[in-house]
Amino acid sequence: MNRKNLNEVIRLSDEQKKHLASEIKAFYLDVRGEEIGMIEEQQIISLFCEHLAPIIYNKALDDAMHWLKEQMGNIEVDYCLLYKDIR
């Protein structure tokens, strides 16, 4: 996927980007003992949005479809229970 399509993958508000940048900066400092700058933070956010976001998005869709199929199965069972016993 090229960078031109990045906004088609995931859109983050400025507030979300600030929060992620803060989390990334803290992670690098806590785990790696490194301080990173704004450019590195933005590069990591872009990398994740471009490569990780589509995978997570597709997984979420798969999970939603699984849930929906379960619900439809429940509806079908409930529907069948509505039938009256004819003797």
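For the structure, check the block above.
Residues numbered from 1 in each chain as written. Predicted model: local features only at pLDDT ≥ 70, side-chain atom pairs only at ≥ 80, totals over all residues. Heavy atoms only, no water.

## Concerning the pattern of salt bridges
Alright, step 1. For the structure shown, the criterion picks out 3 salt bridges.
Alright, step 2. With a closest N to O distance of 3.3 Å, E41 and K25 form a salt bridge. One end of the pair, E41, is in helix α3 (residues 38-81); the other, K25, is in helix α2 (residues 14-32), and 16 residues separate them in sequence.
Alright, step 3. For K25, a relative accessible area of 36% puts it in the partly exposed group.
Alright, step 4. Here R32 ties to E34 by a salt bridge, and the two come within 3.2 Å at their closest N and O atoms.
Alright, step 5. R32 gets classed as partly exposed once you look at its relative accessible area, which sits at 48%. (Salt bridge = Lys/Arg side-chain N within 4 Å of Asp/Glu carboxyl O. Helix = DSSP H or I, 4+ residues; strand = E, 2+ residues; numbered from the N terminus. Buried < 20%, exposed > 50% of the residue type's maximum accessible area, 1.4 Å probe, protein only.)

## Here's the deal with the packing of aromatic side chains
Alright, step 1. One pass over the structure, following the stated rule, counts 2 aromatic pairs.
Alright, step 2. Aromatic pair F27 and Y28: ring centres 5.7 Å apart, planes at 85°, arrangement edge-to-face.
Alright, step 3. Overall, F27 belongs to the partly exposed group, its relative accessible area being 43%.
Alright, step 4. Residues Y79 and Y83 carry aromatic rings whose centres are separated by 5.8 Å and whose planes lie at 90° to one another, so their mutual orientation is edge-to-face.
Alright, step 5. The exposure class of Y83 is exposed, given its relative accessible area of 57%. (Phe/Tyr/Trp six-rings, centres within 6.5 Å; stacked < 30°, edge-to-face > 60°.)

## Overview of α3
Alright, step 1. Spanning 44 residues, α3 covers 60 Å between terminal C-alpha atoms, matching the ideal 64 Å at 1.5 Å per step.
Alright, step 2. Taking the largest bend as the criterion, α3 deviates by roughly 45°, centred on L52, and proline P54 comes between one and four positions later.
Alright, step 3. Those residues of α3 not exposed but buried are E41, I44, I45, C49, E50 and A53. (Expected span 1.5 Å × (residues − 1). Bend = angle between axes of the 7 residues up to and from the residue.)

## Topic: the nonpolar core
Alright, step 1. Core analysis: the biggest nonpolar cluster contains 8 residues, these being L12, A21, I24, Y28, I36, I44, I45 and C49.
Alright, step 2. Listing elements by their share of this core, those giving two or more residues are α2 and α3. (Core = buried A, V, L, I, M, F, W, Y, C linked by side-chain atoms within 4.5 Å.)

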